[in-house]
Structure formats: C-alpha cells, structure tokens
Amino acid sequence: MRSTPAVCGLLIFVLVGCSGSSAGQLGNSPESAAATVGTAATVTEVVDGDTVVVEVAGRSERVRLIGIDTPEATGGFLPAECYGDEATAFTSALLPIGTDVSLTRDIEARDRYERLLAYVHRSGDGLFVNLEIAAQGYAEALIIEPNTIHADDFYTAAAHARDQGMGLWSACGSADVVLE
C-alpha cells in the first residue's frame, strides 16, 4: 500500500516517519510538527525553572518550556533574579531526573538558542508541567508567537497566582527582579 500524506502523518505521530528514520523529527520540517505530539522522553537534567534536558529518540535535547518565563537562577549566564533558585527547585521537584514525560510541540520547533520548544506533561499522571509552574507562582506567562495554543491558560494561571500572592509574586513583588 502506498503511503498518503494522511497515513504518513499518523505514522509520524507514533515516531515512525514515512522515511522510517527518526533523525530530524524534532526539527522544523512539516513532518516534525506532528512528530512531537506525545513524544516520549526522559528527564536527565533540570537546567533552571523553564529549561530541562531530556533523552528523546536516542539523543539528548535541551527543552525550553513554552508559555512561561521563570526568574533566572544563580550561576547562569544572566544575572540572578528574585525567586530564580526557588523556581529551579520547584521544577526539579516536579521533574526529578529519570521522570518520563511527553513532549508536545506547537508551531515553532526551536528557539534562537536551538532549544526544542515544548509543552511538557508528566507521563505518570499527565500533569501539565508548564502550566503548573505558572499556577503555583514560579513563572509569569511568556507567549511568543506563533506558539500560542495555550496562551489563555498561561495568562489565567499566572494572573491567579499573582492575585493570590503566590510564589514570586509575594516574595519579589513582580517578575524579573534582579538580585543585587
């Protein structure tokens, strides 16, 4: 049977492309847009509150969580910000090393730093990690087009956390407060 685009898309969904190769499936090709819907991965490192490293399809990928921006932690390239270390600790608690996750892409696959952009769900319980970080007051919403599928959810979660004085909102007064 000859593969049609629809059949090819279904095969890509389960990480088997029409070419039979997994190489490049997390890139910017049209086929890869469907490839990362539900892509299984395992957390190998938490870099900071909104960036993790995962093992996926036999290789290591740095993943930037779409829709949120946590304060910068100490020891990074940028100046440390109020609540950055706490945000990193919270993400580490949500995603300890070895946690199985599911990665879902939006429109744009990678940022200018070549990090994979993804929505992250824990495989064990389905927790939407990006949203939980904002809802608990460890991040503000950061929506960068064209990755806007969950924009309203992130804005609502961060606003609720701010209104309730949760996390960084009570400790820092606002996001992006640089530590002296």
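Look up a bit, the structure's there.
Computed from a predicted model, the values in this text were never measured in an experiment.

Rules used in this analysis
- Counting of residues starts from 1 at the beginning of each chain's written sequence and follows it residue by residue.
- Where local features are concerned, this predicted model is filtered to residues with pLDDT of at least 70; where side-chain atom pairs are given and counted, the filter is 80 or more; whole-chain, interface and lining totals use all residues.
- Derived side-chain values reflect all non-hydrogen atoms in the structure, with water molecules and hydrogen atoms excluded from consideration.
- The secondary structure listing takes helices from DSSP runs of H or I that are at least 4 residues long and strands from runs of E that are at least 2 residues long, numbered from the N terminus.
- Working definition: with a 1.4 Å probe on protein chains only, accessible area under 20% of the residue-type maximum means buried, over 50% means exposed, and in between means partly exposed.
- We call two residues contacting when some pair of their heavy atoms lies within 4.5 Å.
- In short, Shrake-Rupley with a 1.4 Å probe defines the accessible areas, and a residue's cover is counted only from the protein chains shown.
- Working definition: a disulfide is two cysteine sulfur atoms within 2.5 Å of each other.
- We define a salt bridge as a contact between a side-chain nitrogen of Lys or Arg and a carboxyl oxygen of Asp or Glu at a distance within 4 Å.
- Each aromatic pair joins two rings of Phe, Tyr and Trp (for Trp, the six-membered one) with centres within 6.5 Å, and gets the label stacked for planes under 30 degrees apart, edge-to-face for over 60, and tilted for any other angle.
- Pairing between strands requires that DSSP locate at least two bridges from one strand to the other.
- In this analysis, the expected span of each helix is defined as 1.5 Å times one less than the number of residues it contains.
- Taken from the helix axis, the directions to the C-beta atoms give the arc we talk about.

1. A word on the overall build of the protein
Inference 1: If you tally the helices and strands in the protein, you get six helices and seven strands.
Inference 2: Evaluated residue by residue, the protein yields a buried proportion of 45% over its 180 residues.
Inference 3: A sequence separation of at least 24 residues applies to 57% of the contacts in the protein between residues at least 6 apart.
Inference 4: Per element, the accessible surface of the protein, about 9100 Å² overall, is 56% carbon and sulfur.

2. Observations concerning the state of the cysteines
Inference 1: Within this structure, the stated rule accounts for one disulfide.
Inference 2: Residue Cys82 pairs covalently with Cys172 via a disulfide, S to S 2.0 Å. In this structure, the disulfide formed by Cys82 and Cys172 twists by about -85° around the S-S bond and is classed as left-handed. With Cys82 in the loop between strand S4 (67–69) and helix H3 (84–94) and Cys172 in the segment after helix H6 (168–171), the pair connects residues that are 90 residues apart, well separated along the chain.
Inference 3: Cys82 sits in the buried class, given a relative accessible area of 16%.
Inference 4: Assessed through its relative accessible area of 17%, Cys172 is described here as buried.

3. Re the pattern of salt bridges
If charged atoms from side chains of opposite charge come close, those side chains can pair.
Inference 1: If you walk through the whole model with that rule in mind, you get seven salt bridges.
Inference 2: Residue Asp111 pairs with Arg115 through a salt bridge whose shortest N-O separation is 2.6 Å.
Inference 3: Residue classification places Arg115 among the buried positions, given a relative accessible area of 18%.
Inference 4: Salt bridges sharing partners connect three or more residues here, namely Asp50, Arg64 and Asp69.

4. Description of the packing of aromatic side chains
Inference 1: Counted according to the given criterion, the structure contains five aromatic pairs.
Inference 2: With a centroid separation of 6.2 Å and an interplanar angle of 20°, the aromatic rings of Tyr119 and Phe154 are classed as stacked. With Tyr119 in strand S6 (residues 116–122) and Phe154 in helix H5 (residues 151–163), the pair connects residues that are 35 residues apart, well separated along the chain.
Inference 3: Site record: aromatic cluster; members linked through ring pairs are Tyr83, Phe90 and Tyr138.

5. Description of the pairing of strand S5 (residues 100–104)
Inference 1: With four bridges joining them, strand S1 (residues 39–48) and S5 adopt antiparallel strand pairing. Its bridge partner being in S5, Thr39 is matched across the sheet by Leu103.
Inference 2: When S5 meets S6, the two strands line up antiparallel, connected through four bridges. Across the sheet, residue Leu103 finds its bridge partner in S6, namely Val120.

6. What to know about H5
Inference 1: With 13 residues, H5 should cover 18 Å at 1.5 Å per step; its first-to-last C-alpha distance of 18 Å lies within 8% of that length.
Inference 2: Among all positions of H5, only Ala151, Phe154, Ala157, Ala158 and Ala161 are buried. The arc enclosing the buried residues of H5, seen along the axis, measures out at 140°, which places them on a common side. In H5, the exposed positions angled more than 90 degrees off the buried face are occupied by Asp152, Thr156 and Asp163.

7. Notes on the side chain of Asp69
Inference 1: Secondary-structure assignment places Asp69 in strand S4.
Inference 2: With residues up to four places along the chain from it excluded, the contact list for Asp69 reads Asp50, Arg64, Ala139, Glu140, Leu142 and Asp176.

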